[in-house]
Amino acid sequence: DVLASKKECAGALLSVSCMMKERLELAYQLQKQYHVPCYALRTSKTIVMKGPASEMPNIMACVKGPAILSARKSAARFMKLPMPKRVVTAQGMSLEHVAMMNAYEAHRTTRGENTRVAIVDSGVDYTHPGLRNNFDPDDVGYDFVRETNDPQDLHGHGTHVAGIVKSVAPAAKLYALRVLNKDGAGEETDILLAYEKCYELQIPIINCSLGGSGATAKERATVLAAQSYG
């Protein structure tokens, strides 16, 4: 059971020729047949399949159908993120960066009330005393690396980023989307799914402090679609 295993999954991209309605049906049929999560992207003619790394090559070898033009295993475009060094004072963590960003002055205008911000990163420690009040306890986010509803940060980078967002907008509601593993590496498939999850939930601000060697046509199409989704 992929969803219950909490093990890291591999992703594969399927290029399809059909429209959105047919893509949804095809994704449903693939998921039903192979018992792995399948997602139809809204922003490109693509279906994402997720499953155990050991099984995905066999599954991809079996996937056939008139709607499938090509099936290829997603290129492992790994991204490494250095851990930020913490600046700690005798009283605890320094907050000098808040003043350096002129955030206190900005707070006179807004503290981010009624604003949602998605953190697409290595997850977030949503139990952190400085962050937990910014999360909806019933829906903290999603982990695309392990396909679970627990986007707990096993690396640290996403929590650091969430802290910066909290400094700028202390009243904003945060939503964690984990696309990077405990080593700070991730796959394009999970990043595309995270973007579309934000579009689906109508989250207006998406923070992605990650990078790679270049953008694929699918990634570019998904990013450019953000404006049409608000």
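No experiment lies behind these values; they were computed from the predicted model shown. (Residues numbered from 1 in each chain as written. Predicted model: local features only at pLDDT ≥ 70, side-chain atom pairs only at ≥ 80, totals over all residues. Heavy atoms only, no water.)

1. Quick word on the environment of Gln-31
Looking at where Gln-31 falls in the secondary structure, it is placed in helix H2 (residues 20-34). Not counting the four nearest positions on each side in its chain, Gln-31 is found in contact with Val-36, Pro-37 and Cys-38. Of the polar contacts made by the side chain of Gln-31, one reaches the backbone nitrogen of Cys-38; its length is 2.9 Å. (Helix = DSSP H or I, 4+ residues; strand = E, 2+ residues; numbered from the N terminus. Contact = heavy atoms within 4.5 Å. Polar contact = N/O pair within 3.5 Å; in protein donor to acceptor, adjacent residues only side chain to side chain.)

2. Quick notes on the state of the cysteines
Within this structure, the stated rule accounts for zero disulfides. Lacking any disulfide linkage, Cys-198 is separated from the closest cysteine sulfur, that of Cys-208, by 7.2 Å. (Disulfide = S-S within 2.5 Å.)

3. Considering the nonpolar core
The biggest cluster of nonpolar side chains holds 20 residues, and the ones touching the most others in it are Phe-144, Leu-177, Val-179 and Ala-194. Sorting the residues of this core by element identifies strand S7 (116-121), strand S9 (173-178) and helix H7 (188-201) as the ones contributing at least two each. With seven residues, the single largest contributor to this core is H7. Residues contacting Val-179, with those up to four places away along its chain left out, are Val-120, Asp-121, Phe-144, Val-145, Ala-185, Gly-186, Glu-187, Asp-190, Ile-191, Ala-194 and Leu-210. Counting 18 residues, the second largest nonpolar core, distinct from the first, contains Ala-10, Ala-12, Tyr-34 and Cys-38. (Core = buried A, V, L, I, M, F, W, Y, C linked by side-chain atoms within 4.5 Å. Buried < 20%, exposed > 50% of the residue type's maximum accessible area, 1.4 Å probe, protein only.)

4. Brief notes about the packing of aromatic side chains
In the structure shown here, the tally under the stated rule is three aromatic pairs. We note Lys-197 situated over the ring of Tyr-142; from NZ or CZ to the ring centre the distance is 5.9 Å. (Phe/Tyr/Trp six-rings, centres within 6.5 Å; stacked < 30°, edge-to-face > 60°. Lys NZ or Arg CZ within 6 Å of the ring centre and 35° of its normal.)

5. Structural notes on the confidence of the model for the protein chain
For the protein chain, the average pLDDT comes to 83, and 83% of its residues sit at 70 or higher. Overall, residues 1-5 carries pLDDT values under 50, and its contacts beyond four positions in sequence, including any with other chains, amount to nine contacts. (pLDDT = per-residue confidence, 0-100.)

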